[in-house]
Amino acid sequence: MKKFHFIYLFIALVAFQSCNKIDGPYTTPVPAKEWYGKRILIEDYTGHKCPNCPAAAVVANDLKTLYGDKVVIISVHAGFFAAPSVSPFDTNDFTTTAGDAWNQFFGFQSYPVGMINRVGFPTLSHKIDKDAWNTTVSNMMTELPEVDITITPSYNPVTRKLSGQVTTKFLKTIKRKLKLQIVVTQDSVIAPQQNASAVITDYVHRHMLRAVNDNWGKDLTDGTTFTSIDTKLTQDMSIDFKTNWFGKNFNVVAFVYDDNTKEVLQVAEKEL
Amino acid sequence: MTKFTFAKHSFIIFFICVFPLLLTAQNVLNSGSIQGNFQLDAQYYQKDSSIGANDVSEKMLMNAFANIIYTNGNFTTGLRYESYRNPMLGFDNRYKGSGIAYRYATYNADQFEITVGNFYEQFGSGMIFRTYEERNLGYDNAMDGIRVKFNPIQGIMLKAIVGTQRFFWDVGPGILRGGDAEFVLNDMITSLNENPTRITFGGSVISKYQPTEEILYDASKKYVLPENVAAFAGRLNVSRGKINVSTEYAYKANDPNAQNNFIYRHGEALLLTASYSQKGLGVIVSAKRIDNMAFKSKRTEVGNMLNINYLPALTKQHAYSLSAIYPYATQPNGEMGVQAEVVYTVPKNTVLGGKYGTEIKLNYSRANDIDRKALNDTTAINEKGTQGYTSNFFKFGKELYFQDFNIEILKKINSRLKGSLSWVNLVYNQAVIEGHPGLPTVYANILIADITYKLTATKAIKTELQHLSTKQDDKNWVMGMVEYSIAPLWFFSVSDQYNYGNSGEKIHYYNLGMGYNKSSSRIQLSYGKQREGILCVGGVCRQVPAAYGFNITLTSSF
C-alpha cells in the first residue's frame, strides 16, 4: 500500500516542481535565422468595423518589419465587419469578390483571423489567431522553397491597366497540381476604422486586397506529371484598376499554391 | 497530425484494447451489457436576407453522435462516434468530418480505478481543472491520456491525471499533469461518523507543459515564456443540518497568453457559497472573485477550446427565450460577482397560498470588473509584457458587467390550470460580454406569463407570452407561443417573436414545431426563423447565427 502513496507523492512533487517562474526581463531579442529563400504569405482577414482588427494589423506589420521582404501581407476585407453600413462606414466598400469567395471557402466567422501560407486547410489549423502568427511564421521561415517567383509588371496609368509576366522557376522536381494567383494590393489607404470603442477616421489601412487575376488563380501544372527542376513557366497578367482606387502605393503579389491542399509554396511582391 | 490519422488511430487503439478481450473472454457479450444513445440534428437552410440568414452550398448541414458503452463487471469500455457533415451554422467548421472522437477503457481493481484513453474529470469546483462536453455549445475539452483514482481508506479519494486535451479532431499542444485529494473527515474518523457536522476538504494541483515558442513582443523582441505553468487550489465544505457552506481558493502561476494580453501576473480565484434549506424555504448566497484565470493548454488560443479550468458564472440561467437573449459570459481576465436566491413556498390554505400553495423565486446577481491599478505612471493597465496591474483583492471594480434581478411566481389555480409570472430586470454590458467595444450597455425589462391548461388527463395546452423592452440594441421584442401536447406521444407548437421599436425592418421570427416520443426515442421537427444571438451554458457562450429553414432532431437511447 505504501508504494501507492509514494506514487501520489511523486506526482504531487512533480506537479509542484512543474512551474517556471519568470522574474523578468519578460522579453528577449529575436535571434537571426537562416533563410533559404521561402517567403511567407500572411492573409489578414479584417474589416473596417472590426474593433479588434487594428491589433492584428500591428502584429502583421511587426512581422513585416522584422522579416522584410521575406514576409508578404494581404489584408482581406471580408465578412460582416467589412460590409458598408452606417456612417462613417457607409462610403467605403473594401470587399472584393475574391475576398468574399476566400472568406466563405475557408470558413471564417470571427475576426481578426489569418492564414499563414494557407497551411492547415482543410483539416484543422488554417484559421490562425493573430497571437499565433509570430510562431507560425517563425517556424516556416527556415523551410526550403520548392519554387521561386519573379514578377515583371508593367502599369499604364492612363488606361489604368496592369500587364506583364510572372515567372515561376522550379527549384526541385515535383509532381503537384499548382496554381498561380496574382493579386493587386494597395498600401496606406486612409479611411475610417473601428478601433476598440473608438473610430479612427484617418486610419492607415495597409496591404489592402484590391483585385485578382481570377478568384482562384490560373493553372500552372496539372499534377499528372513531374515538372523538372529549373523549369520556368511564365504567365501573362492583365488586371484593370478601378477608377475609385484613389492614391498610389500599389503592389503586385503573386503566389503559387497547391490546388489540392491550398498550401502556398512561394509568394513574391513587387511595388508598382 | 490530421483528423484522418487521429480518427484512424482512435479506431485502431480502441480495437487493440477491446478485441483481445472479446477473443479471450468466453461469453463476454452475454455476461456484459451494452448501452448507448444517439442524437442527430440537421437543418435545411434557406436564404432570408431580412434576418441575415444565408443558405449554404450543401443545402443541409448535420451534427450527429452516438455513444456506445460496454460494461462487464468492473470493466467498462466505450466510444463516441461523431459526424459533422458539414457542421451546422454556428458550430466551428473545424469539426467538419466523421470519426471516433472519444474512446476509453476503465477497470476497477482493489481500491483503484484506472482509465486509459479519453475521460472527463473535475477537481473541486473546476477552477483549476475541469474537462467536460457541452454539445449545444460545440464544446469538448476531453482529456486523452491516463487517469488513476485511488481510494486507500474510507473517506479519502485520490486522483491523478496525465494527458492532452481535445482540439476538434486533434489534441492541443499542452500536456497536463495533475492530482487531487479529497478527505471526508466524518468517514475517515470513526468517532465522527454520526456527527451532524460534516466536513470535507481537499486540494488539487495541475501543471501544463507547452514548449516555448517564438511570440513577438514587437518587431525586435520576443516574449520569455514559461514552459510549465502550475495552478493550485484548496477547498472546504462544512454542513450541519439545514446549513451548508463551501469555499475554494485557486492560484495560478504566471501564464502569459493571448487571452490576458501576455501579462506575467499570477492568477487567483475565490468562490464562496452558503445555503440554507428547510421545507418551503431555500436560500443560497454565492460570491466569487476571478483575477487573470484564463488557463488553456495552448497559450495562443482565444476561442472556447482547450480550456483547462472552468470558471462558473454566478448568474441565473434563464430558460425562456426573451429572458435568455442577454446571457452572461464569465470574464476570465477578471470579475467579482455575487448571487442570492430565495425560493419560498407560501403554505396551502392561506390567503396568498390558496388551495395548492404558491411558490415564489427571487434571484439577484451582479458581476463587476475587479479593481485594477497601473503598475506605475508610464505603464498602462494590462500592458503586454509586464506584470499587468495591481489589484485590491476585496475591492469591486467600477465597471458593471452584468446585473439581473428577477422574480418568478408559480401558482396552481385548480386541477386543470397552472401558470407562472416572471419579471426580469437586466443590465448587460454588451461591449465587455460580447467583446465588441463601443456597443452600449443594455437595460432591459422582461415580463413573462406561462399558462398551462389541462384539457384531459393526457391533453394540455401551454401558452407563453413574453415581452422585452429596452431602448438599446435591437429595441423591443414580443413573443407568443402555443403548444398542444398529447402525452406521452405528441406535441405541436407554434410561436412567433416580433422585434419592434427600432428603425430597421419589422420582422416576424415564426416557428412551427412538432415532436413524437416513442419509449426512449424522440423525433422533433420545426420550420421557421431563428434570430441571431448568443447561447450560453454555465458562462461559456457561442454565437448563434440567424437561420431560416427546416430543422430535425432525433434522439434515441438503448
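Note that the structure is predicted; figures quoted are calculated from it, not measured. Each chain carries its own residue numbering, running from 1 in the direction its sequence is written. Whichever chain is written first becomes A and whichever ligand is written first becomes 1, with later ones labelled in order. Given that this is a predicted model, residues contribute local features only at a pLDDT of at least 70 and side-chain atom pairs are listed and counted only at 80 or more, while totals for whole chains, interfaces and linings are drawn from all residues.

**Student:** Can you explain the pairing of strand S2 (residues 40-46) of chain A? Please cite residues and give values.
**Tutor:** Residue and element names in this part refer to chain A. Counting buried positions along S2 gives seven out of seven residues, so the element sits mostly inside the fold. Residues are called buried when their C-beta atom has 20 or more other C-beta atoms within 10 Å, exposed when it has 12 or fewer, and partly exposed otherwise; all C-beta atoms are positioned from the backbone. Under the scheme used here, helices are H or I runs from DSSP no shorter than 4 residues and strands are E runs no shorter than 2 residues, and both carry numbers assigned from the N terminus. Here S2 shows no split at all, with Ile40, Ile42, Asp44 and Thr46 on one side and Leu41, Glu43 and Tyr45 on the other all buried. Strands pair, by our definition, only if DSSP identifies at least two bridges between them. The sheet contact formed by S2 and strand S3 (residues 71-77) spans seven bridges and is parallel. By the bridge assignment, Thr46 is partnered in S3 with His77.

**Student:** If you had to explain the interface of chain A and chain B to someone new, which residues and values would you point to?
**Tutor:** Once C-beta atoms are placed from the backbone, any two residues with those atoms within 7 Å are in contact. The partner chain B presents 46 residues to the 36 residues of chain A that form the contact. Among the secondary structure elements, those contributing two or more residues to the side of chain A that touches chain B are helix H1 (2-17), strand S1 (27-29), helix H2 (53-67) and helix H4 (130-140) of chain A. Looking at the side of chain A that touches chain B, the element that brings in the most residues is H1 of chain A, giving seven residues. When grouped by side-chain class, the residues that make up the side of chain A that touches chain B number 20 nonpolar, twelve polar and four charged. Residue polarity follows a fixed list, in which Ala, Val, Leu, Ile, Met, Phe, Trp, Tyr, Cys and Pro are nonpolar, Asp, Glu, Lys and Arg are charged, and the others, Gly among them, are polar.

**Student:** Just give me the short version of helix H3 (residues 97-105) of chain A, but keep the residues and values in it.
**Tutor:** Residue and element names in this part refer to chain A. For H3, the complete set of buried residues consists of Ala98, Gly99, Trp102 and Asn103. The buried residues of H3 all sit within an arc of 130° when viewed along its axis, so they share a single face. On the buried face of H3, the contacting elements are S2, S3 and strand S10 (208-212). By arc we mean the arc of the directions from the helix axis to the C-beta atoms, nothing more.

**Student:** With reference to specific residues and values, describe the sheet that holds strand S5 (residues 147-156) of chain A.
**Tutor:** Residue and element names in this part refer to chain A. With antiparallel pairing, the three strands of this open sheet are ordered in space as S5-S6-S12. Where the open sheet ends on each side, the last strands, each with one partner, are S5 and strand S12 (232-240). Each neighbouring strand pair of the sheet contributes to a mean axis angle of 15°, computed without reference to strand direction. Bridge count between strand S6 (residues 161-170) and S12: nine bridges; the pairing is antiparallel. In this analysis an axis means a line fitted to C-alpha atoms, helices contributing only their contacting stretch, and an angle means the value between N-to-C directions, from 0 to 180 degrees.

**Student:** Give me the lowdown on the confidence of the model for chain A, citing residues and values where you can.
**Tutor:** Confidence along chain A averages 89 in pLDDT terms, with 93% of residues attaining 70 or more. Element-level pLDDT for chain A is lowest in H1 of chain A, with a mean of 60, against a maximum mean of 97 in S3 of chain A. As a per-residue quantity, pLDDT reports the predictor's confidence and falls between 0 and 100.

**Student:** Tell me about the pairing of strand S21 (residues 417-429) of chain B, residues and numbers included.
**Tutor:** Residues and elements named next belong to chain B. In this sheet, S21 lies alongside strand S20 (residues 396-412) in antiparallel orientation, the contact comprising eleven bridges. When the bridges of S21 are listed, Phe405 appears paired with Asn425. Between the end of S20 and the start of S21, which pair antiparallel, lie four residues. When S21 meets strand S22 (residues 441-454), the two strands line up antiparallel, connected through 13 bridges. Across the sheet, the residue bridging to Lys418 is Thr452, located in S22.

**Student:** For the environment of Asn54 of chain B, give the residues involved together with the corresponding values.
**Tutor:** Residue and element names in this part refer to chain B. Tracing the sequence through the fold places Asn54 in the loop between strand S1 (33-45) and strand S2 (60-72). According to the C-beta neighbour criterion, Asn54 is partly exposed, with 15 such atoms within 10 Å. Between the C-alpha atom of Asn54 and that of Phe75, which follows or precedes it by 21 residues, the distance is 48 Å.

**Student:** Tell me what's going on with the confidence of the model for chain B, and back it up with residues and numbers.
**Tutor:** Residue and element names in this part refer to chain B. Looking at chain B, pLDDT values average 91 and 94% of them are 70 or higher. Counted against residues more than four places away or in other chains, residues 1-8, with its pLDDT under 50, gives 14 contacts. With a pTM of 0.85, the predicted complex shows an ipTM of 0.82.

**Student:** Can you tell me about the nonpolar core, naming the residues and giving the values?
**Tutor:** Defined on buried residues, the nonpolar core groups Ala, Val, Leu, Ile, Met, Phe, Trp, Tyr and Cys residues joined through C-beta atoms within 7 Å. Core analysis: the largest hydrophobic core is formed by 73 residues, its most contacted members being Ile42, Leu63, Trp133, Ala254 and Val256 of chain A. The dominant element in this core, judged by the number of residues it contributes, is H2 of chain A, at eight residues. For Leu63 of chain A, the contacting residues outside a window of four places in its chain are Ile42, Val71, Trp133, Asn134 and Val137 of chain A together with Leu216 of chain B. Counting 32 residues, the second largest nonpolar core, distinct from the first, contains Ala101, Met127, Val229 and Ile308 of chain B.

**Student:** Residue-level account of H4 of chain A, with values.
**Tutor:** All names here are of chain A. Judged by how many residues are buried, H4 sits mostly within the fold: eight of eleven residues are covered. Here H4 has its buried residues at Lys130, Asp131, Ala132, Trp133, Asn134, Thr136, Val137 and Ser138. On its buried face, H4 is in contact with S2, H2, S3 and strand S4 (113-116).

**Student:** I'd like a rundown of the environment of Leu171 of chain A, residues and numbers included.
**Tutor:** Residues and elements named next belong to chain A. Within the fold, Leu171 resides in the loop between S6 and strand S7 (177-186). Of the residues examined, Leu171 has 19 C-beta atoms within 10 Å and is grouped as partly exposed. Distance from Leu171 to Gly223, taken between C-alpha atoms, is 16 Å for residues 52 residues apart in sequence. Ignoring any residue separated from it by four or fewer positions in sequence, one finds Leu171 in contact with Pro145, Glu146, Val147, Asp148 and Ile229.

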